[in-house]
Amino acid sequence: MKRIAIIGGGISGLSAAFVLEKRRLAGASLEYVLFESSRRLGGVLVTEHVDGCLVEAGPDSFLTEKPWASDLCREVGLGDQLIGSNDADRKTYILVKGRLALIPDGLMFMVPTKIAPTVLSPLFSVRTKLRMAREWFHPPRKAEGDETVAAFVERHYGSEMVDRLADPLLSGVYGGEAAQLSVRAVLPRFAEMEATHGSLGRAMLAARKKMARASKAPARPLFTSLKNGMQQLVDAVVSRLPASALLTNGRVQRIQRREGGWVVSAGYASDHFDAIIMATPATSAAELLRLTSVELASELGGIQYTSSVTVNLGYKGSVRAALPPGFGFLVPRSEGKRMLAATFVHNKFPHRAPEDRALLRCFIGGACNERVLQSSDEEVVNIIREELQQIIGLTADPLFTRLYRWQGAMAQYGVGHLERLGRIEGLLQQLPGLTLAGNGYRGIGVPDCVRSGSEAANRTLLTLGVREVAPQALTS
Ligand SMILES: Cc1cc2nc3c(=O)[nH]c(=O)nc-3n(C[C@H](O)[C@H](O)[C@H](O)COP(=O)(O)OP(=O)(O)OC[C@H]3O[C@@H](n4cnc5c(N)ncnc54)[C@H](O)[C@@H]3O)c2cc1C
């Protein structure tokens, strides 16, 4: 019987446990224990129901294009609970000189694919629009090592594009800065497009034409979520795992290599395992591995994380009419505000707020404003309300507010991240039985975390030589 420890009960660790459970039920000789330091499972996936509204504390959805989270939902019996974003109403604004400017139709991240809406948009100056036209003739360029997203975008479209679009979009996803994040790790498709086509505009159009030829199916929504929120995925996965394998309030304090395996110490107990799946943030993994491999701990500790706060505000339904139509807005740093973004939740997804309620979700924090975590709840809510008033003229008193602090939760893939991962993989080869999963490595979104957990479990089974038995679906 092989014994496996999973450390970390966020969606990465739970996805790993789910794969192991399928193998166990299929007759594989294995046992596993999942250690989670907090009293609940799910990590940053937390949903609350407040005053008839569905409030997401962490992620509210995931990219439909990446299949792993939807696949897991279907496997745990939630196929009929998947919902798509209301893309017919998908409008997003950027704050430019104190006013909201609509992101023009056809803009794919920062690449324009439709001429008229881009030319007419107040989002960009004439100078940037001319840069966009010139970009069409950008020559192919083989990557000579990594660079920041800011340097890459600036080369194609100029600095205004970095400030008004690339940076706010990345703050929204990573809580990071375009001037720090690695283009090869964060936007690998764009780096490839530059190498093969030169112009991102031409590359994007070629890709869209190819897709249109290959598929006549109607376009899928950009984002997918669950009717009852992201917590529904956590609950469904947990309900398929034996309670005896799940150790909440089980902070792992130490791990040690011993007798060809690993000893895991949590609280006053120590236990022997053949393998470990480390599904914590890389910072926690670094702490736990300091005694095992100083080099590995130092590489893991080099992966930076930022913190953020999400503030949900529920209002009377009449507030809906006072908001601009669409999903919400992003705030470039140059606007001098502290808020990074706001989502009009009741518009983005169905089933989020009753008709007589409006629900807003705002983000604050990120790489440039870690200090906000030191502010009291009241101070943070006041900042958000003041800025909502300045940006969209919202003066109404909220019926409720819910604030969630996420300390060091968002990994930042800095320049050289992929090279760092190469070194980490080399060091792991000297530590058989140890596998890493989580948002610190090859994707920060929920689907990537599901994939990383599942792959870590499969790799562990392979290393341990656990007999391949066809996995059974655990759907009810
Ligand atoms: C505010 C916010 C909004 C986001 N929005 C989106 C979104 O809309 N869409 C999207 O796709 N992604 C989003 N993300 C990113 C995504 O949700 C996360 O990257 C992903 O859920 C991380 O999952 P994880 O399991 O790797 O890590 P976590 O959820 O951080 O789980 C790690 C777990 O490890 C535990 N742990 C740590 N140390 C120990 C220890 N020593 N012993 C035992 N347990 C330990 C922690 O308690 C934690 O529960 C968002 C993230 C945040 C914070």
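Residues numbered from 1 in each chain as written. Predicted model: local features only at pLDDT ≥ 70, side-chain atom pairs only at ≥ 80, totals over all residues. Heavy atoms only, no water.

A. Geometry of the site of the ligand. Every one of the 36 residues lining the ligand counts as a neighbour, but Ser-12, Glu-36, Ser-61, Ile-444 and Val-446 are closest to it. In the environment of the ligand, a nitrogen atom lies 2.7 Å from a nitrogen or oxygen atom belonging to the backbone of Ser-61. Considered on its own, the ligand offers 1,000 Å² of accessible surface; in the complex 90% of this is hidden by protein. Elements represented by at least two residues in the shell around the ligand include exactly helix H1 (11–25), helix H11 (282–289), strand S21 (400–412) and helix H17 (446–464). Broken down by class, the residue content of the shell around the ligand amounts to 18 nonpolar, 15 polar and 3 charged. (Near = heavy atom within 4 Å. Polar contact = N/O pair within 3.5 Å; in protein donor to acceptor, adjacent residues only side chain to side chain. Areas by Shrake-Rupley, 256 points an atom, 1.4 Å probe, with all protein chains shown as cover. Helix = DSSP H or I, 4+ residues; strand = E, 2+ residues; numbered from the N terminus. Nonpolar A, V, L, I, M, F, W, Y, C, P; charged D, E, K, R; others polar.)

B. Summary view of the pattern of salt bridges. Overall, the coordinates contain 24 salt bridges when judged by the stated rule. The salt bridge partner of Lys-348 is Asp-60, with a shortest N-O separation of 3.2 Å. Here Lys-348, found in helix H14 (residues 345–348), pairs with Asp-60, found in the loop between strand S4 (53–56) and strand S5 (62–63); they are 288 residues apart in sequence, far enough to count as distant. A salt bridge links Arg-155 to Glu-194; its shortest N-O distance comes to 2.6 Å. Residue Arg-155 is located in helix H5 (residues 149–157), and its partner Glu-194 is located in helix H8 (residues 188–197); the two are separated by 39 residues in the primary sequence. (Salt bridge = Lys/Arg side-chain N within 4 Å of Asp/Glu carboxyl O.)

C. Here's a closer look at the pairing of strand S14 (residues 261–266). The element S14 is largely enclosed, with a buried count of 6 among its 6 residues. What you see with S14 is no split at all: Gly-261, Val-263 and Ser-265 on one side and Trp-262, Val-264 and Ala-266 on the other are buried throughout. By the bridge criterion, 6 bridges tie strand S13 (residues 252–258) to S14 in an arrangement that is antiparallel. Note on S14: the bridge partner recorded for Gln-256 is Val-263. (Buried < 20%, exposed > 50% of the residue type's maximum accessible area, 1.4 Å probe, protein only. Pairing = 2+ DSSP bridges.)

D. Just the sheet that holds strand S18 (residues 328–330), in detail. Strand order in the open sheet formed by 7 strands is S8-S7-S18-S19-S20-S17-S21, and the pairing between neighbours is mixed. Only two strands of the sheet have a single partner each, and these edge strands are strand S8 (99–102) and S21. Ignoring which end each strand starts from, the neighbouring axes of this sheet average 25° apart. As judged from the 4 bridges shared by strand S7 (residues 92–96) and S8, these two strands associate in the antiparallel manner. Bridged to Leu-95 within S8 is Leu-100. (Axes fitted to C-alpha atoms, helices over the stretch in contact; angles between N-to-C directions.)

E. Examining the packing of H1 against H17 more closely. Two numbers describe how H1 lies on H17: the axes approach to 7 Å, and their chain directions differ by 40°. In this view, H1 runs oblique relative to H17, as classed from their interaxial angle. Our pair here, H1 against H17, has a crossing hand that is right-handed. Across the interface between the two elements, Ile-11, Ser-12, Ser-15, Ala-16, Val-19, Leu-20 and Arg-23 from H1 touch Val-446, Cys-449, Val-450, Ser-452, Gly-453, Ser-454, Ala-457, Asn-458 and Leu-461 from H17. For the contact of H1 with H17, the residue count by class is 9 nonpolar, 6 polar and 1 charged. (Parallel < 35°, antiparallel > 145°, perpendicular 65-115°, else oblique. Left-handed = near helix turned anticlockwise from the far one by under 90°. Contact = heavy atoms within 4.5 Å.)

F. Molecular detail of the sheet that holds S13. Strand order in the open sheet made by the 3 strands is S13-S14-S15, with antiparallel pairing throughout. Every other strand in the sheet has two partners, leaving S13 and strand S15 (269–273) as the edge strands with one partner each. When strand polarity is set aside, the average angle formed by the axes of neighbouring strands in this sheet is 20°.

G. Region of the structure containing the nonpolar core. Ranked by size, the top nonpolar core spans 68 residues in total, and within it Ile-255 and Leu-300 carry the most contacts. Not counting residues within four places of it along the chain, the set of residues in contact with Leu-300 comprises Ala-282, Ala-285, Ala-286, Leu-289, Ile-424, Leu-436 and Tyr-441. With 43 residues, the next largest nonpolar core counts Ile-4, Leu-14, Val-76 and Cys-449 among its residues. (Core = buried A, V, L, I, M, F, W, Y, C linked by side-chain atoms within 4.5 Å.)

H. Just the packing of aromatic side chains, in detail. Applying the stated criterion to the full structure yields 3 aromatic pairs. On the numbers, 6.0 Å between centres and 85° between planes, the contact of Phe-35 with Phe-273 is edge-to-face. Within this pair, whereas Phe-35 is found in strand S2 (residues 30–35), its partner Phe-273 is found in strand S15, the two being separated by 238 residues in sequence. In this structure, Phe-35 and Phe-273 share a single accessibility class: buried. Ring geometry for Phe-109 against Phe-190: centres 5.8 Å apart, planes inclined by 50°, an arrangement best described as tilted. One end of the pair, Phe-109, is in the loop between strand S9 (107–108) and strand S10 (111–112); the other, Phe-190, is in helix H8, with 81 residues separating them in the sequence. Residue Phe-109 is classed as partly exposed on the basis of its relative accessible area, which comes to 22%. (Phe/Tyr/Trp six-rings, centres within 6.5 Å; stacked < 30°, edge-to-face > 60°.)

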